[in-house]
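Below are the chains, spelled out letter by letter.
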Amino acid sequence: MIFSDPASVAVVGASDDPAKWGHWLARGALVGHDRRAVHLVNHGGGAVLGQPTVRSLSELAEAPELVVLAVPAAHVPAVVDEALAVGVRGFVGITSGIDDRVIRRIRDAGARLLGPNCLGVFDAATSLHLAWGRFQAGSLGVVSQSGQVGLEIAGLAASSAIGISRFVSVGNQADVTATEALLDLVSHDLTTVVGLYLESFGPGIVAAMSELRAAGKPVVLLTVGSSIAAQEAARTHTGALTSCLDVVDAACRLAGAVRVATPAALVDLAAVLTSGVPRGGRVGVISDSGGQGAIAADLAAAAGLTVPTLSAVDGLPVGASKRNPIDLAGAGEQDLANYSRAVEVLVRGGEVDTVVLSGYFGSYGEDTPSLESAEVAIAARICLLARETGVPVVVHSMREDSAAVRTLRAGGVPVQHTIERAVAALGDAARLGALDQRSARALDGLELSVPTGRIEIGGPPEGDACVSLPEAQSASTAPSVPGHSAVSVELFLSSQPGAAAVPFEPGYLAARDLLGFVRFPRAHAVTSAAEVRATHLEGPFALKADWLAHKSEHGGVKINLTDPAPAFEEMRARLGPGRYVLEEMDTREHTVELIIGAKRDHSFGPVILVGAGGIHAELFRDTAIELAPVTPATARDMLARLVSAPLLSGARGTPPVDVAALAGVIAMVSETLAARPDLAEIELNPVRVGPDGVVAVDALIIPSGEPSGRPERTTRGMTPPRLDGDDAQVREPLRRSPDCGPR
């Protein structure tokens, strides 16, 4: 409880100067003086904020449980040594530039450090206010890597009347991590929604977000960095088609969280979620202006919502349109109760999942004071209807502030001054609702890992796996194809003596050998024209330079050859001696070309990609991405998200392809990368899928430089760490992993 409800705190660097951090931290600490002992430390002595101070921690009769470091970095080592000597168990490091040796001393002593370079911590439940700024108590828990972004979120939350339940600025995460701060919110009673701002992602983040979602506390993530430079430098189509935010979105889908683009969008969505997650994407629009209703309906469609036709419209005021959007057509002015009546028709009708009320409501009392009490009463009624039915209602009011607007916000109904913000928040909320069902399917047979003990901010250079398959359920079943029995990755590896430990050899043929569960056309190596002429294969043929990654760009592939010998002689003269591959062409009809790729992300570990394939894969950029490994069910979901998905089910009279076989290959490629830490990327492109199965006609594998071998499987059932200082078990530090975005 050190960082949530300490028995005593000391602010080192307390000051009477309002321009200094020590002043604000001392002021905040004194807010909780009725709950805990508060000590102010100032090396000059005297009084701060009318309270006596001590010159050093050693002057105190007993050690404070938590110490706030608000002194220049040069003074921090002496303060920390003194604090550890008297038995302090926790530190809040406001100061930046704290030496790594000081941090090691804190950790070696078994104490904990929040920060350094952080804004502090606030907890409304325990009157703990050890942070810069003012916080309005509420229900939004905030964990932020940037103190100032977190403070902006807190300010917006106050304006929206949802307030802050707990605020943790993790700063540099030299000890306490964002994962631990998130897990601490699982049991935090005041918190109903979590806002998370991160610029880098450490171990356990996905599992922590999932734990919160399972506890009924949805997570709204804000992050930065599209990593275009990394995409441009990619060695494979898979790398070029995968941005950092693509992978972050995949992590959010798995955890049941939603990513937004701005602090305002985070708070707007959180305000909707405080009243519940929508059950679907159907929205009912009510307006007292036909134009405003039409604008809201258009924006709803653009946000991915549906504006359904209504049938249960009994009870609407006379003269109001009974289509969706509903135009009150002056009925609101005749009787303000018509606003709440229209809302009630929609929330109780069962035909919509959310409601938008757009227009003049919220302005009557300001423009005509005699109507204020009536408008406030109608606002209260709308709040009651939303609570009773569990159908989220959002109001777009032309008035930024009024008694009715304040009543709505206080009652849990978000109010926005612009319709685009109101509808965007509902669209994001509907996405989150859809993820609830999808996450349950995606996690079927998967485990999310939460490290035990003290969580380290680093990880292996190419990323820890966030997901694993239990031994009993690992290895999706491969498709049955001619000449291939159904096998699993684990069974395939176990059937090959030392297969999981054999160093990977470069080249297309070596990739074919490693991916023995994938069906390829018949092929063999050739190094001379005589070997080409002596082939036992049947044409038409493909000729490939075995060692080239991107064969088309370098003229290293020729197809549809009836006599491959002249093509071999030309290619060898141009590219030089080496191992070439002579391969039978896949001439099946009614096939669709795709790309299946897996890569090891720096922050989230293995990821899997599927998309429109062939030489134009990067041009079309029609892809779906998930964290790996995935089950065949998740692989089918990925295929369904592609723009080109209709081609798989048959188009213009063509027969449908074997989607089950394709999903099996996707799942097994994802498992292979997860099972082989010595591999950085696997790419099959193109993969030709037809009614009779899947055939890959090119493959590329890039080694990671890591040792081979099967990684340990971790389970979601591990005991999650908490922000306590009495953690007896400390793990060896993991190597720091680079993040996918700027700091």
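A few points on the structure. (Residues numbered from 1 in each chain as written. Predicted model: local features only at pLDDT ≥ 70, side-chain atom pairs only at ≥ 80, totals over all residues. Heavy atoms only, no water.)

1. Quick word on the sheet that holds strand β19 (residues 415-416)
What links the strands of a sheet is backbone hydrogen bonding, and the strands pair in either a parallel or an antiparallel sense. Pairing in this open sheet of 5 strands is parallel, and the strands run β16-β15-β17-β18-β19 from one edge to the other. Each of the sheet's edge strands pairs with one partner strand only, and the pair in question is β16 (326-327) and β19. As judged from the 2 bridges shared by strand β15 (residues 283-287) and β16, these two strands associate in the parallel manner. Along β16, the bridge assignment pairs Ile286 with Ile326. Along the sheet, helix α11 (residues 290-302) makes contact with β15, β16, β17 (354-359) and β18 (393-397), crossing β15 at roughly 160°. (Pairing = 2+ DSSP bridges. Helix = DSSP H or I, 4+ residues; strand = E, 2+ residues; numbered from the N terminus. Contact = heavy atoms within 4.5 Å. Axes fitted to C-alpha atoms, helices over the stretch in contact; angles between N-to-C directions.)

2. Description of the pattern of salt bridges
This structure, assessed with the given rule, holds 33 salt bridges. The shortest N-O distance in the salt bridge between Asp5 and Arg35 comes to 2.9 Å. Of the two residues, Asp5 is situated in the segment before β1 (8-12) and Arg35 in the loop between α1 (21-31) and β2 (37-41); the sequence distance between them amounts to 30 residues. Owing to a relative accessible area of 46%, Arg35 belongs among the partly exposed residues under this scheme. For Asp428, the salt bridge identified is with Arg431, shortest N-O distance 2.8 Å. Taken together, the residues Asp428 and Arg431, both in helix α17 (residues 419-442) and 3 residues apart, mark about one turn of the helix. Residue classification places Asp428 among the buried positions, given a relative accessible area of 14%. (Salt bridge = Lys/Arg side-chain N within 4 Å of Asp/Glu carboxyl O. Buried < 20%, exposed > 50% of the residue type's maximum accessible area, 1.4 Å probe, protein only.)

3. Re the packing of helix α15 (residues 372-389) against helix α16 (residues 403-410)
Interhelical geometry of α15 versus α16 gives an angle of 20° and a closest axis separation of 8 Å. By the criterion of interaxial angle, the relationship of α15 to α16 is roughly parallel. The interaxial crossing formed by α15 with α16 has right-handed handedness. Here Glu372, Glu375, Val376, Ala379, Ala380, Ile382 and Cys383 of α15 come into contact with α16, specifically with Ala403, Ala404, Thr407 and Leu408. (Parallel < 35°, antiparallel > 145°, perpendicular 65-115°, else oblique. Left-handed = near helix turned anticlockwise from the far one by under 90°.)

4. A word on the nonpolar core
Among the nonpolar cores identified, the biggest contains 56 residues, and Leu182 and Leu627 are the most heavily contacted of them. In terms of residue count, the dominant contributor to this core is helix α9 (residues 244-255) (7 residues). Those residues in contact with Leu182 that sit more than four places away from it in its chain are Val143, Val194, Leu196, Ile205, Ala208, Met209 and Leu212. Among the nonpolar cores identified, the runner-up in size contains 43 residues, and Val610, Ala624, Ala663 and Val665 belong to it. (Core = buried A, V, L, I, M, F, W, Y, C linked by side-chain atoms within 4.5 Å.)

5. Quick look at the sheet that holds strand β6 (residues 90-93)
If you walk across this open sheet you meet the 5 strands as β2-β1-β5-β6-β7, and the pairing is parallel. Each of the sheet's edge strands pairs with one partner strand only, and the pair in question is β2 and β7 (112-114). Within the sheet, the average angular offset between the axes of one strand and its neighbour, ignoring direction, is 20°.

6. Some details on the side chain of Arg253
Tracing the sequence through the fold places Arg253 in helix α9. For Arg253, the side chain forms a polar contact with the main-chain oxygen of Ile625, separated by 2.4 Å. (Polar contact = N/O pair within 3.5 Å; in protein donor to acceptor, adjacent residues only side chain to side chain.)

7. Observations concerning the packing of aromatic side chains
Evaluation of the coordinates by the stated rule reveals 11 aromatic pairs. For the pair Tyr360 and Tyr364, a centre-to-centre distance of 4.7 Å together with 90° between the ring planes defines the contact as edge-to-face. According to the relative accessible area criterion, Tyr360 is partly exposed, its value standing at 26%. Summarising the aromatic geometry, the rings of Phe568 and Tyr580 are spaced 5.3 Å apart at their centres and angled 80° between planes, so their arrangement reads as edge-to-face. Taken together, the residues span a long stretch of sequence, with Phe568 in helix α21 (residues 564-575) and Tyr580 in strand β25 (residues 580-584) at a distance of 12 residues. Side by side, Phe568 and Tyr580 carry an identical accessibility label, which is buried. An aromatic cluster of three or more residues is present, and its members are Tyr339, Tyr360, Phe361 and Tyr364. Its guanidinium or amino end placed over the ring of Trp24, Arg27 lies 5.9 Å from that ring's centre, counting from NZ or CZ. (Phe/Tyr/Trp six-rings, centres within 6.5 Å; stacked < 30°, edge-to-face > 60°. Lys NZ or Arg CZ within 6 Å of the ring centre and 35° of its normal.)

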